[in-house]
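# Understanding the architecture of this molecule
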Amino acid sequence: MESEARIQGILRTLERHYPHASLALNFRNPFELLIAVILSAQCTDERVNQVTRTLFERCPTPQALAAEPLESLEQMVRSTGYYRNKAKAVRACAQEVVEKHGGEVPRTMEALVRLPGVGRKTAAMVLGNAYGIQEGVAVDTHVLRVSQRLGIVDEKTPEAVERRLMEMVPRAQWTWFSNAMIQHGRMICTARKPLCSRCPLADDCDYAQQTGRGT
Ligand code: SF4
């Protein structure tokens, strides 16, 4: 069991450095965030923001996106990679939002993860960032990597890591915590070359202690 004091220390440091952590994806409503997160798989947020600017001009509602021809969607999302699957997923997702939820993105984890292309990470991001509902900790590649390097989780899969983080982090902070860890993973604890000597979490980090990189 991770020591409570250590977790508290990590949370305090994150609060100091990322007090208002938020997603880098642009969105004006829950539906736009839902689609942006689906498109962000294996793609940078900057690229997704470029693509969604055009996409939501042409398809501003779930109804419009659901009715858009697949070939047209493929062209619009092409630069985000895996564009055939993504075009299918966002269209199918929009269709279900229209047909099963009256055009409103659902507000529960249970309903969200039943939508095509939506897993727990996407659902937690949408609930937390668009609705302010804390139903999970979104574990993306950054949250997974930083948590494992810090040594606050032994678990390997995003699902298991999420369960562990939900036990350790107060519920009111789940969304902020995930956003802060994503920001930290992007800016400091990068995948290829973590900048441990500049990292405010180094004193609490297993990786830095084991490699001596935090000094
Ligand atoms: S000390 Fe290094 S490995 Fe640990 S969180 Fe910071 S950047 Fe990542």
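Residues numbered from 1 in each chain as written. Predicted model: local features only at pLDDT ≥ 70, side-chain atom pairs only at ≥ 80, totals over all residues. Heavy atoms only, no water.

## Re the overall build of the protein
Applied cut-off: Numbered from the N terminus, helices here are DSSP runs of H or I no shorter than four residues, and strands are runs of E no shorter than two. Both definitions apply: the radius of gyration is a C-alpha atom measure, and the globule rule equals 2.2 Å times residues to the power 0.38.
Secondary structure summary: the protein contains 12 helices and zero strands in total. Along the protein, helices and strands appear, N-terminal first, in the series α-α-α-α-α-α-α-α-α-α-α-α. In summary, the protein has a C-alpha radius of gyration of 18 Å against a globular reference of 17 Å for 215 residues, a match within 12%. Dimensions along the principal axes, computed over C-alpha positions, put the protein at roughly 55 × 30 × 30 Å.

## Quick notes on the pattern of salt bridges
What counts here: Basic side-chain nitrogens of Lys or Arg form a salt bridge, by our definition, when they fall within 4 Å of a carboxyl oxygen of Asp or Glu. The classification of residues rests on relative accessible area computed with a 1.4 Å probe and restricted to protein chains. Under 20% of the type maximum is buried, over 50% is exposed, and intermediate values are partly exposed.
Throughout the structure, instances matching the rule amount to eight salt bridges. Arg 114 is the partner of Glu 110 in a salt bridge, and the nearest nitrogen-oxygen pair spans 3.9 Å. According to the relative accessible area criterion, Glu 110 is exposed, its value standing at 54%. Classification of Arg 114 by relative accessible area gives exposed; the value is 59%.

## Thoughts on the site of the ligand
Note the cut-off: It suffices for a single heavy atom of a residue to lie within 4 Å of a molecule or strand for the residue to be listed as near it. Gly counts as polar in this scheme, as do all residues outside two lists: the nonpolar Ala, Val, Leu, Ile, Met, Phe, Trp, Tyr, Cys and Pro, and the charged Asp, Glu, Lys and Arg.
Inspection of the region around the ligand gives Arg 149, Leu 150, His 184, Ile 188, Cys 189, Pro 194, Cys 196, Cys 199, Ala 202, Cys 205, Tyr 207 and Ala 208 as its neighbouring residues. If you list the elements that add at least two residues to the shell around the ligand, you get helix H9 (141-150) and helix H12 (206-211). Among the residues making up the shell around the ligand, the classes are represented as 10 nonpolar, one polar and one charged.

## A few points about the UniProt feature "domain: HhH-GPD" (unreviewed entry) in the protein
Going by this rule: UniProt positions are given in the numbering used here, feature names are shortened, and annotations may be inferred rather than shown by experiment.
The sites that UniProt annotates as "domain: HhH-GPD" (unreviewed entry) are residues 39-187. Span residues 39-187 is 66% helix and 0% strand, its end C-alpha atoms 22 Å apart.

## Here's the deal with the packing of aromatic side chains
We count it as follows: Ring pairs are drawn from Phe, Tyr and Trp, using the six-membered ring of Trp, whenever the two centres fall within 6.5 Å, and their geometry is named by plane angle: stacked under 30 degrees, edge-to-face over 60, tilted for the rest. To sit over a ring, a charge needs its Lys NZ or Arg CZ within 6 Å of the ring centre and within 35 degrees of the ring normal.
On inspection of all chains with the given rule, the structure shows zero aromatic pairs. Note that Arg 149 overlies the ring of Tyr 207, its terminal NZ or CZ placed 5.4 Å from the centroid.

## Some remarks on the nonpolar core
Selection rule: Side-chain atoms within 4.5 Å are what join buried Ala, Val, Leu, Ile, Met, Phe, Trp, Tyr and Cys residues into a set we call a nonpolar core. Every residue pair with non-hydrogen atoms within 4.5 Å of one another is taken to be in contact.
Judged by nonpolar contacts, the single largest core of 72 residues is most densely connected at Leu 14, Leu 34, Leu 55, Leu 165 and Phe 177. Top element by residues in this core is helix H2 (residues 30-39). It accounts for eight residues. Once residues lying within four places of it in the same chain are set aside, the contact partners of Phe 177 are Leu 11, Leu 14, Val 137, Leu 165 and Val 169.

## Brief notes about the domain arrangement of the protein
As a reminder of what qualifies: These domain limits were set by an automatic method or by a database of domain assignments. Computed with a 1.4 Å rolling probe, the buried area is the accessible surface lost when two parts are put together, summed over both parts.
Looking at the assigned domains, one finds that the protein contains domain 1 (4-21 + 137-211) and domain 2 (30-131). Here the C-alpha centre of domain 2 lies 27 Å away from the C-alpha centre of domain 1. Counting from both sides, the interface comprises 10 residues of domain 1 and, opposite them, seven residues of domain 2. Taken together, both faces of the contact between domain 1 and domain 2 bury some 640 Å²; the carbon and sulfur share is 52%. Sorting the residues of domain 1 by area buried against domain 2 places Ala 138, Glu 162 and Thr 175 first, and these three jointly supply 51% of that buried surface.

## Here we look at the packing of helix H1 (residues 4-17) against helix H11 (residues 174-187)
Quick note on the threshold: Each axis is a line fitted through C-alpha atoms, and for a helix only the stretch in contact is used; angles between axes span 0 to 180 degrees, taken between their N-to-C directions. The cut-offs work like this: below 35 degrees is roughly parallel, past 145 is roughly antiparallel, 65 to 115 is roughly perpendicular, and the gaps in between are oblique.
Where H1 meets H11, the axes come as close as 10 Å, and the angle between the chain directions of the two elements is 70°. The angle between the axes of H1 and H11 places the two elements in the roughly perpendicular class. For the pair H1 and H11, contact is made by Leu 11, Leu 14 and Glu 15 and by Trp 176, Phe 177, Ala 180 and Met 181, respectively.

## Focus: the UniProt feature "binding site: [4Fe-4S] cluster" (unreviewed entry) in the protein
Here the UniProt feature "binding site: [4Fe-4S] cluster" (unreviewed entry) sits at Cys 189, Cys 196, Cys 199 and Cys 205. Spanning 17 residues, the named residues form one tight spatial group whose C-alpha atoms are at most 11.0 Å apart. Looking at the element boundaries, Cys 189 is found in the loop between H11 and H12. A relative accessible area of 10% means that Cys 189 is categorised as buried. Every residue in contact with Cys 189, bar those within four places of it in the chain, is listed here: Arg 145, Val 146, Arg 149, His 184 and Pro 194. When you line up the elements, Cys 199 lands in the loop between H11 and H12. Here Cys 199 is in contact with His 184 and Ile 188, once residues within four sequence places are set aside.

## Section: unusual backbone geometry
Negative phi values dominate among residues other than glycine, just as trans dominates among peptide bonds. Even without glycine at this site, Gln 42 takes up a positive phi of about 55°. Mapped onto the elements of the fold, Gln 42 is located in the loop between H2 and helix H3 (45-58). Backbone geometry places Tyr 82, a non-glycine residue, at a positive phi of 45°.

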